[in-house]
Number of protein chains: 2
Amino acid sequence: MNIVFLSGGSGKRLWPLSNDVRSKQFIKILKAPDGSYESMLQRMYREVMEVAPDADVTITTSANQVSPIRNQIGVKAGISVEPCRRDTFPAIALACMFLKDVRNLAESEPVVVCPVDPFVEKEYFEGLKHLSEIQGNPKEKANITLMGIEPTYPSEKYGYIIPKDKEALSEVTEFKEKPDEETAKKYIEQGALWNAGVFAFKLGYLVNKAHELIDFKDYYDLLEKYESVEKISFDYAVLEKEKNINVTRFNGEWRDLGTWNTLVSAMEENTIGKAIMADTCENVHILNELDVPVLALGLKDVVISASPEGILVTDKHQSSYMKPYVDKIHQEIMFAEKSWGEYKVIDVEDNSLTIRVTLHAGHKMNYHSHELRDEVWTVVEGEGIAVINGRKREVGPGEVIHLPRGCKHSIKATTELKVIEVQMGDNIKAEDKIRYEYKWE
Amino acid sequence: MNIVFLSGGSGKRLWPLSNDVRSKQFIKILKAPDGSYESMLQRMYREVMEVAPDADVTITTSANQVSPIRNQIGVKAGISVEPCRRDTFPAIALACMFLKDVRNLAESEPVVVCPVDPFVEKEYFEGLKHLSEIQGNPKEKANITLMGIEPTYPSEKYGYIIPKDKEALSEVTEFKEKPDEETAKKYIEQGALWNAGVFAFKLGYLVNKAHELIDFKDYYDLLEKYESVEKISFDYAVLEKEKNINVTRFNGEWRDLGTWNTLVSAMEENTIGKAIMADTCENVHILNELDVPVLALGLKDVVISASPEGILVTDKHQSSYMKPYVDKIHQEIMFAEKSWGEYKVIDVEDNSLTIRVTLHAGHKMNYHSHELRDEVWTVVEGEGIAVINGRKREVGPGEVIHLPRGCKHSIKATTELKVIEVQMGDNIKAEDKIRYEYKWE
């Protein structure tokens, strides 16, 4: 099975756990079979690999998501990096050209596309496999096979697919935009399905569509001119114009976890992290990423979420209205998970910034220097090799390294390495960084 | 006016702002005339000095409160340090012996005693002055003059004073223990007053009482044997047995701010610190001591309080039931304000602890060493003098000092000094500290 996951943009609707550098699909709130917590991305990937161990997964996303993706699911999945956001049609076109020109996939191969962030049950993945099987049949007539979701209520939030009949596989008569509740009821009576953006086609079909709608030669050319490509959704560019579509029906659990209210409904226990909840709390969820405890008393229908970015306390139903308030918060990024490890701002003063840097074993920093700040590293955990102005030095716990401005430096972790970095200067900023080549041999 | 403030013990009812080292009277939540925030201690002291600029203030408290008191109100007030807690009678006796033997106050002098932590309006201080004037009259017959509080509701939380009549100054007929509501109503119909623990006497009266009830010679002797003194309240030891008491009436605002619900009622604005509150919040208070914002949406009657110790989110009425939950939290002290400055734990790892130490100008650390940990100091702000194994060294921003285990060290702030201290070792604990004498010339 060839599957393309659409990994959507960053957003603030799940602040303080999502922000400009962390998207909801990376938040670890789902219980994995081994008892640890996994993110929606990790669950999707794990479940796909379970139903189709030889699946070829490609994730289409923006550059800033490459690190968290690699960090969470490793290097086996392919990543098609969108140079900028151009909506779903260009993203899918780019991913398909990547499959054709980089992965050398035959044009007769079926490709399944689906978003990475719905919360679904196991049968969903069987449904994806089924889509792939349908389009994998050389005799299949439909250009696109959709998986529609059996509606559980007359939602105004989704587009609807009107199938010709109520069979397990049916021709599609029409697509409907998000309706009002009354109209939605009528659609449902006709046997309509939610359009969840899940579909399959033969690679060649989409390659042709791409060339039809965008002027480019191959993957590399499309990548280069991506910024000039028109923003357009797959639904608008392809689905609504295509006459030859059929649809399967999925009647299992499928939910969009886009607000705190819906996100916490996917939690198996009411708290994650250090939390104490009094018996007087009712329908309260706590997600705490800080080292200190959260104590909740006498609350009802409330979500509490704390991270190094801030603290949210919200009524569950009000949580969908938080964006304008979060937009008011202008703040440095205090915490980030990267493929090489993570960093966390632990102290901010007028002329200094102290961070804790964690480097995973085998990973290293870029070799770089700063013009406007001095740094002091104190290694507190692990072993590694530091390079200071070209000279290598083995370091371990207790090692202190002075890095005056101008000094070129890097560090490579032999084992998981933790360093307290004190940055000092009148004008400390992320942009103050000059990169150099360094051969680690 | 001689006034003794009783500065009560630490408590957890206002966690995370109060804990084993910080009591509620030190929490800065009241608006001072200059627009800054002040604590209850600071307000009491400021208001007393306003009505009686020559007041001689003594604060009776335990050793661990000396630093915050000095830090908040300076060195002009006397402090009578209780070697251990022995309830109010021994504390008042010790403070009075301090006034007699250390301050050489005449036995004919009036002394006013009151707790440091009620929330009161300005007229209260005129009331204290009035008590002092009554007992300052050599002809005054009553041994004790109380200030009773006009009840605003039939409270079950306070003891009641039954006066002979409803005059401004009246003899006391009887004291009543905390009653049930019905009984309280009857007391109030009789003109009863709340016993707020506010009273005055002539110093000699209390000195005699002390000698009568405790076997000791003078202040120094009492201090030495304080631990063996019986725990007993002033009400039980003195008030309930004394026949010759009168009482004044105070009918202004007087409130005990012992729970979050009552504490926040004294706040002029609904938020202190970084906070964003949506319009959908109703009767919500936020006190945030952290550097990151708190965002609240759709809440009603809730208090949110965040400090380096933890985060509390509580229904206002439930806040009085928090103690058993806070007792479950076993945690290192993450933040402390001292007379010399403050420290804040900023990172905790298995074998390291990073703290930010702030030293006020002119202050210094004890000269000390550690047996089980190495430390690294990075000075990030200010100028000072470090002493390492007896050798002095001037230090400023960017200076890094290695302190391997066994190394004797101290630092003195020339200007306000901030140091990032990384502690490293298998067994980092506060007790690992050997103190030495050092003559700073």
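Shown above is the structure to which this text applies.
Residues numbered from 1 in each chain as written. Chains lettered and ligands numbered in written order. Predicted model: local features only at pLDDT ≥ 70, side-chain atom pairs only at ≥ 80, totals over all residues. Heavy atoms only, no water.

### Re the sheet that holds strand β24 (residues 374-381) of chain A
Residue and element names in this part refer to chain A.
Then step 1. Judged by pairing direction, the sheet is antiparallel, and its six strands sit side by side in the order β20-β21-β22-β29-β24-β27 without closing on themselves. Looking at which strands have only one partner, the edges of the open sheet turn out to be β20 (335-338) and β27 (400-403). Each adjacent strand pair in this sheet contributes to an overall mean axis angle of 20 degrees, direction not counted.
Then step 2. Sheet topology places β24 next to β27; four bridges connect them, and they run antiparallel. Bridged to Val 376 within β27 is His 402. (Pairing = 2+ DSSP bridges. Helix = DSSP H or I, 4+ residues; strand = E, 2+ residues; numbered from the N terminus. Axes fitted to C-alpha atoms, helices over the stretch in contact; angles between N-to-C directions.)

### Overview of the nonpolar core
Then step 1. Judged by nonpolar contacts, the single largest core of 63 residues is most densely connected at Leu 299, Ile 304 and Ile 411 of chain A together with Leu 299, Ile 304 and Ile 411 of chain B.
Then step 2. By residue number, the principal contributor to this core is strand β22 (residues 352-359) of chain B, which donates four residues.
Then step 3. Apart from the residues lying within four places of it in its own chain, the contact partners of Ile 304 of chain B are Val 313 of chain A together with His 285, Ile 286, Leu 287, Val 294, Ala 296, Leu 299, Leu 312 and Val 313 of chain B. (Core = buried A, V, L, I, M, F, W, Y, C linked by side-chain atoms within 4.5 Å. Buried < 20%, exposed > 50% of the residue type's maximum accessible area, 1.4 Å probe, protein only. Contact = heavy atoms within 4.5 Å.)

### Things to note about the relation of the copies chain B and chain A
Then step 1. It takes a turn of 180 degrees to lay chain B on chain A, together with a shift of 0.0 Å along the axis; the resulting RMSD is 0.2 Å. Accordingly, the operation relating the two chain copies is best matched by a two-fold axis. No C-alpha of chain B approaches the rotation axis more nearly than that of Ile 346 of chain B, which lies at 2.8 Å.
Then step 2. The share of interface residues of chain B whose copies in chain A are also at the interface is 100%, consistent with both copies meeting through the same surface. (Least-squares fit on C-alpha atoms with pLDDT ≥ 70 in both.)

### Some remarks on the interface of chain B and chain A
Then step 1. Facing the 54 residues of chain B at the interface are 54 residues of chain A.
Then step 2. Of the roughly 4,200 Å² buried between chain B and chain A on both sides combined, carbon and sulfur atoms contribute 69%.
Then step 3. There are six salt bridges connecting chain B and chain A.
Then step 4. Linking Arg 356 of chain B and Glu 349 of chain A is a salt bridge whose minimum nitrogen-to-oxygen distance equals 3.1 Å.
Then step 5. Connecting chain B to chain A are 18 residue pairs in polar contact (both at pLDDT 80 or more).
Then step 6. Element by element, the count of residues in the side of chain B that touches chain A is highest for strand β19 (residues 310-315) of chain B, at six residues.
Then step 7. Per-class residue counts for the side of chain B that touches chain A are 33 nonpolar, 11 polar and 10 charged.
Then step 8. Here four bridges tie strand β19 (residues 310-315) of chain A to strand β17 (residues 294-297) of chain B, and the two strands are oriented parallel to one another. Among the inter-strand pairings, Leu 312 of chain A is bridged to a residue of β17 of chain B, identified as Leu 295 of chain B. (Buried area = accessible area lost by both parts, 1.4 Å probe. Salt bridge = Lys/Arg side-chain N within 4 Å of Asp/Glu carboxyl O. Polar contact = N/O pair within 3.5 Å; in protein donor to acceptor, adjacent residues only side chain to side chain. Nonpolar A, V, L, I, M, F, W, Y, C, P; charged D, E, K, R; others polar.)

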